[in-house]
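Chain and residue survey
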Amino acid sequence: MVLEGDIKGCFDNISHRWMMNNIPMDKEILRKWLKSGYIETQKLFPTEKGSPQGSPISPVISNMVLDGLEIVLKERFSKKKVNGKYHFPKVNFIRYADDFIVTGESRELLEYEVKPLIKEFLKVRGLELSEEKTLITHINDGFDFLGVNIRMYDGKLLTKPSKKNYEAIIKKIRNIIKDNPSMKQELLIRKLNPIIRGWVNFQKFNVSAKAFEKLDYEIWQSLWSWCKRRHPKKGRRWVAKKSISIQSVIGHGLLVSLLEIKWKTVKISLSG
């Protein structure tokens, strides 16, 4: 079983008093930073609580606030000898910034022992779990963590791009294409390349072949629509010949100048 933790407004609700008492740095500088506020539309908005966002120090401070939760869980749920036999409740903690998961041998253990311990840890720091978004899931049903869906399939653990993560990248690409109807082809490709390459590099170590193929096709469809909108009075053959020539191992290719993925190589050349 897996507890998917979600902290309600983590950056916005961290206790200033707790930070002042526990963050090891110059207290006067920390106090001024916490109370500095932010300016938007020429208006000053004070920060009475939470960690001001937008600078490198914010995630550092927030990490320091959440640091220690793993130690608390390890001390409480360590391997113990019961009736002459060692027992380990399989409680493991994985965190990235304010996103975290906790594994456990049963739903009851996570619900009635682990979850209350986490709530107590967060409460001291002015934080709380989101009851709506904090879920306990069986590994056979799968869960999403950091853009990846983790699930057991017939006894084999597989990680795939999550549906939400895929929808976010294709929406971003479509918006760029749609918002630049008159941009030169080579400039549009240069704009798309780092976005596509970054997502592919992030997901290529997962089971991503089907997601890559789907993304490949949907990008091609969006670009084809973009080409046709640029030349509404021309035929499809003329548009295809004038706009983009794509060479790929399989039909359509990801729009990357030269990108080797573990299952195909793609090369794009522009004409005219």
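Details of the structure are given in the entry above.
What follows covers the layout of surface pockets. In this structure, the largest pocket encloses a volume near 420 Å³. As for the largest pocket, its lining consists of 15 residues, of which Asp144, Phe145, Leu146, Gly147 and Lys164 are closest to the centre. Taken together, the elements giving at least two residues each to the lining of the largest pocket come down to β1 (2–6), β7 (99–103), β9 (143–145) and α7 (163–179). In the lining of the largest pocket, the residues fall into five nonpolar, four polar and six charged. For the second largest pocket, the calculated volume is near 330 Å³. If you trace the second largest pocket, you find 13 residues lining it, with Lys160, Pro161, Val207, Lys210 and Ala211 closest to the centre. Broken down by secondary-structure element, the contributors of at least two residues to the lining of the second largest pocket are β11 (156–161), α7 and α9 (209–230). Its residues placed into classes, the lining of the second largest pocket shows six nonpolar, two polar and five charged.

Another aspect to go through is the side chain of glutamine 203. Tracing the sequence through the fold places glutamine 203 in helix α8 (residues 185–203). Engagement of the side chain of glutamine 203 in a polar contact is seen with the backbone oxygen of glycine 147, the distance being 3.1 Å. Reaching out from glutamine 203, the side chain makes a polar contact with the side chain of asparagine 165 at a distance of 2.9 Å. Discounting chain neighbours no more than four positions away, the residues touching glutamine 203 are Gly147, Val148, Pro161, Asn165, Ser208 and Phe212.

Before going further, it helps to spend a moment on the pattern of salt bridges. Throughout the structure, instances matching the rule amount to seven salt bridges. The salt bridge involving lysine 74 is made with glutamate 70; its shortest N-O contact spans 3.7 Å. Pair noted here: lysine 74 and glutamate 70 are both in helix α5 (residues 69–76), with a separation of four residues, about one helical turn. Residue glutamate 70 is classed as partly exposed on the basis of its relative accessible area, which comes to 36%. Glutamate 218 is the salt-bridge partner of arginine 174, the closest N and O atoms lying 2.2 Å from each other. Taken as a pair, arginine 174 in helix α7 and glutamate 218 in helix α9 lie far apart in primary sequence, 44 residues in all. Given a relative accessible area of 13%, glutamate 218 falls into the buried group. Residues participating in the shared-partner salt-bridge network are Glu111, Lys115, Lys119 and Glu131.

Next up on the list: the environment of aspartate 26. Within the secondary structure, aspartate 26 sits in the loop between α2 (16–22) and α3 (27–34). Within the local environment of aspartate 26, its side chain forms a polar contact with the backbone nitrogen of glutamate 28, the two atoms lying 3.0 Å apart.

Reading guide: rules and limits
- Residues numbered from 1 in each chain as written.
- Predicted model: local features only at pLDDT ≥ 70, side-chain atom pairs only at ≥ 80, totals over all residues.
- Heavy atoms only, no water.
- 1 Å grid on protein atoms, 1.4 Å probe; cavity = no way out; pocket = protein on both sides within 12 Å on 5 of 7 lines; lining within 4 Å.
- Points joined across faces, edges and corners; volume = space filled by probe spheres on them.
- Helix = DSSP H or I, 4+ residues; strand = E, 2+ residues; numbered from the N terminus.
- Nonpolar A, V, L, I, M, F, W, Y, C, P; charged D, E, K, R; others polar.
- Polar contact = N/O pair within 3.5 Å; in protein donor to acceptor, adjacent residues only side chain to side chain.
- Contact = heavy atoms within 4.5 Å.
- Salt bridge = Lys/Arg side-chain N within 4 Å of Asp/Glu carboxyl O.
- Buried < 20%, exposed > 50% of the residue type's maximum accessible area, 1.4 Å probe, protein only.

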